[in-house]
Amino acid sequence: MSIRDAMRNPMCSNCGGPAIIGDISLEEQHLRIENARLKDELDRVCALAGKFLGRPISSLASSLGPPMPNSSLELGVGSNGFAGLSTVATTLPLGPDFVGGISGALPVLAQTRPATTGVTGIGRSLERSMFLELALAAMDELVKMAQTDEPLWIRSFDGGREILNHEEYLRTITPCIGMKPSGFVSEASRETGMVIINSLALVETLMDSNRWAEMFPCVIARTSTTDVIANGMGGTRNGSLQLMHAELQVLSPLVPVREVNFLRFCKQHAEGVWAVVDVSVDTIRETSGAPPTFVNCRRLPSGCVVQDMPNGYSKVTWIEHAEYDESQTHQLYRPLISSGMGFGAQRWIATLQRQSECLAILMSSNVPSRDHTAITASGRRSMLKLAQRMTANFCAGVCASTVHKWNKLNAGNVDEDVRVMTRKSVDDPGEPPGIVLSAATSVWLPVSPQRLFDFLRDERLRSEWDILSNGGPMQEMAHIAKGQDHGNCVSLLRASAMNANQSSMLILQETCIDAAGSLVVYAPVDIPAMHVVMNGGDSAYVALLPSGFAIVPDGPGSRGPPTTNGGPTANNNGNGGGPERVSGSLLTVAFQILVNSLPTAKLTVESVETVNNLISCTVQKIKAALQCES
């Protein structure tokens, strides 16, 4: 009580008079302290916003008065994207090391969550300020790496790919997410290409997680937007900043999925010129008090700079820069991954070019001459939508992403490099109900990727490897082009009936090819259901389980397994002089099979062995047909 009275009647130590006229309550003292903290934070946010906008803006702290509302913080870093902030004299320079410099000066923060009041709102605002500062640093680095050529980027020995000069990078650019973790290796690539899409459409696609995944279906296993920090200014994406989660994949069970949490920041640099940058936030979340998580990959500033061209195309410069744990990747794929051809810029640009060309063709009123005109426009859209779902499910079954709840099996009678997984299919109209088994493996073949792709997609040669062909050639019943290359299409194939009492089988197939690799995906489909789809009906109720192949080059510096006993291999010169190597392809084979129509059934050893034998038999038949068994 004495302390409370003393606080209510503070005396001046110099004159002995009252320090403040009238009573002041504890609540009012807390409000004064809170207001002072909020004013300091608003000054900081205004400084960040000034750097973000490229011009100074003034602080509103002095004009708001003592009872400053908590929502003023949202004005700076909330959904309205800094609208209403007008001039500040101060700026906040980026330190040499963001992780060590900024986070050390800020209090420990909670994980991002909806702001309420008081300290929770301050913590959220501080975390958002850290995210904004990291995004600005990442954008500066991306633009610099996009605009700088030698000595930062040098050409590979074959003169095709651009390789990052890591010594020059460390000398000229300050890492914005700290030093490389112990045991990690670096991977960096840059690619420039012309894409038939304008800058605004591409920016909208990249900033929408669903559209982003649809544009890059073979690269992105799963993605989501976990927090929107700023929506952009004036109804545009300029200044949009969001926190995202993604699972990135190379289609092989021998390469682990890369799971990354990152910021995506979009900025317009000039009329028709945009940049979108990604950067990992795991280090910041750990220093902000979030529980540590195992990270097998960090995404350094990566993304693209897009410039509109007069002909409706865009010039896209793509940069991918990552650090990852190489020990988890199989030796067969390490040259491909380390060169940047697996997750790198070439693959993103090639996929973007192929998908944009497909969209342009679908929106065009001209139907390519090879297409069967009996299919209506709505029927073409339904077939393409079904094929898109089929391919997405195929990719999810190869890499064990979290799209489906796969359980890995440690079966004793399965080959070492074959991964077998199982899951239950229940209440999904797009799949048959029951126990689904997925098996996938990757092998090296001394055959060029183009030759391997042409062989696997040819319906006339299908009987050489596919047990569904009934031992004879298949007939193409429908064809929908998805690009200028005949290899980019969706087809409906019919297998020959073995006898008069057997109805012929239909197989839906999608094939894709670009500079980074190729894909052949197929699934048996029900004939009545396909009639509905080809007439424009809903494809969501067509049940299918996909199988297929993914083909990539074996990577620079890789020449496959060495010859044994000095003997020649296919495509070898046959001189018998030591471990001569040949270039070739990495082929992934994957099957999804319904082994029991009851979801409650138990998986049997015989089912696992059957799928394993199916994969082994298919690989051997392909090798025999291409004369590369040895």
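Residues numbered from 1 in each chain as written. Predicted model: local features only at pLDDT ≥ 70, side-chain atom pairs only at ≥ 80, totals over all residues. Heavy atoms only, no water.

> Got a minute to help me understand the pairing of strand 10 (residues 314-325) in this structure?
Regular strands place side chains that alternate from one sheet face to the opposite one. Burial runs high along strand 10: eleven of the twelve residues are buried. As judged from the twelve bridges shared by strand 3 (residues 184-195) and strand 10, these two strands associate in the antiparallel manner. Each bridged residue has a counterpart across the sheet, and for T192 the counterpart in strand 10 is T317. Relative to strand 10, strand 8 (residues 297-299) runs antiparallel, the two being bridged by three bridges. Looking across to strand 10, one finds that C297 is bridged to Y324. When strand 9 (residues 302-308) meets strand 10, the two strands line up antiparallel, connected through six bridges. By the bridge assignment, V306 is partnered in strand 10 with V316. Adjacent in sequence and paired antiparallel, strand 9 and strand 10 are bridged by five residues, among which G312 carries a positive phi angle near 90°. (Buried < 20%, exposed > 50% of the residue type's maximum accessible area, 1.4 Å probe, protein only. Helix = DSSP H or I, 4+ residues; strand = E, 2+ residues; numbered from the N terminus. Pairing = 2+ DSSP bridges.)

> Mind showing me how you'd approach the packing of helix 13 (residues 377-399) against helix 15 (residues 527-534) here?
Two quantities define a packed helix pair, namely the angle between the helix axes and the distance between the axes. Helix 15 packs onto helix 13 with a crossing angle of 125° between their chain directions and a minimal axis gap of 7 Å. One finds that helix 13 runs oblique with respect to helix 15. Residue-level inspection shows G379, S382, M383 and L386 of helix 13 in contact with helix 15, the latter providing M530, V533 and M534. Residues of the contact of helix 13 with helix 15, tallied by class, amount to five nonpolar, two polar and no charged. (Axes fitted to C-alpha atoms, helices over the stretch in contact; angles between N-to-C directions. Parallel < 35°, antiparallel > 145°, perpendicular 65-115°, else oblique. Contact = heavy atoms within 4.5 Å. Nonpolar A, V, L, I, M, F, W, Y, C, P; charged D, E, K, R; others polar.)

> Just to check I follow, could you spell out the packing of aromatic side chains for this structure?
Ring pairs (aromatic) are described by centroid distance and by the angle formed between their planes. One pass over the full model with this rule turns up seven aromatic pairs. With centroids separated by 5.4 Å and ring planes inclined at 10°, the aromatic side chains of W318 and W348 adopt a geometry described as stacked. Highlighted residues: W318 in strand 10 and W348 in helix 12 (residues 345-363), separated in sequence by 30 residues. W348 matches W318 in its accessibility class, with the two residues each being buried. (Phe/Tyr/Trp six-rings, centres within 6.5 Å; stacked < 30°, edge-to-face > 60°.)

> Would you mind showing me how to read the side chain of R354 here?
Here R354 shows up in helix 12. Within polar-contact distance, the side chain of R354 engages the side chain of D514 at 2.9 Å. If near-sequence neighbours (up to four positions away) are discounted, R354 is found in contact with K482, N488, C512, I513 and D514. (Polar contact = N/O pair within 3.5 Å; in protein donor to acceptor, adjacent residues only side chain to side chain.)

> What exactly am I supposed to notice about the state of the cysteines here?
If you walk through the whole model with that rule in mind, you get zero disulfides. In this structure C218 is a free cysteine whose sulfur lies 4.3 Å from that of C395, the closest cysteine sulfur available. (Disulfide = S-S within 2.5 Å.)

> Would you mind going over a nonpolar patch on the surface with me for this structure?
Taken together, M194, I196 and Y313 make up a surface patch of nonpolar side chains, about 240 Å² in accessible area. The topology assignment puts M194 in strand 3. Residue class for M194 comes out partly exposed when judged on its relative accessible area of 39%. (Patch = residues over 30% accessible without salt bridge, like charges linked within 9 Å, V, L, I, M, F, W, Y side chains within 5 Å. Areas by Shrake-Rupley, 256 points an atom, 1.4 Å probe, with all protein chains shown as cover. Salt bridge = Lys/Arg side-chain N within 4 Å of Asp/Glu carboxyl O.)

> Explanation requested: the sheet that holds strand 17 (residues 517-525) in the structure shown.
Across the sheet, nine strands lie side by side as 11-12-13-19-18-17-16-15-14; this open sheet has antiparallel pairing. Bordering the open sheet on either side are strand 11 (407-409) and strand 14 (475-481), each of which pairs with just one other strand. With strand direction ignored, the average angle separating the axes of adjacent strands in the sheet is 20°. Alignment of strand 14 against strand 15 (residues 489-494), held across six bridges, turns out to be antiparallel. Residue pairing in the sheet places E476 in a bridge with L493 of strand 15. Strand contacts of helix 14 (residues 449-457): strand 13 (434-445), strand 16 (506-514), strand 17, strand 18 (547-553) and strand 19 (585-596), with the helix running at about 165° to strand 18, the strand carrying the most contacts.

> How do you make sense of the environment of S339 when you look at a structure like this?
Among the structural elements, S339 can be located in the loop between helix 11 (334-338) and helix 12. Taking relative accessible area as the criterion, S339 reaches 13% and is therefore assigned buried. Through-space distance from the C-alpha of S339 to that of E162 is 9.8 Å; in sequence the pair is 177 residues apart. For S339, the side chain forms a polar contact with the main-chain nitrogen of M341, separated by 3.4 Å.

> Just to check I follow, could you spell out the pairing of strand 6 (residues 258-270) for this structure?
Bridging between strand 5 (residues 241-248) and strand 6 involves eight bridges; their strand directions are antiparallel. Residue pairing in the sheet places E247 in a bridge with E259 of strand 6. Pairing of strand 6 with strand 7 (residues 273-280) involves eight bridges; the strand directions are antiparallel. In the strand pairing of strand 7, R264 is matched with D278.

Shape is all these values report; function is a separate question.
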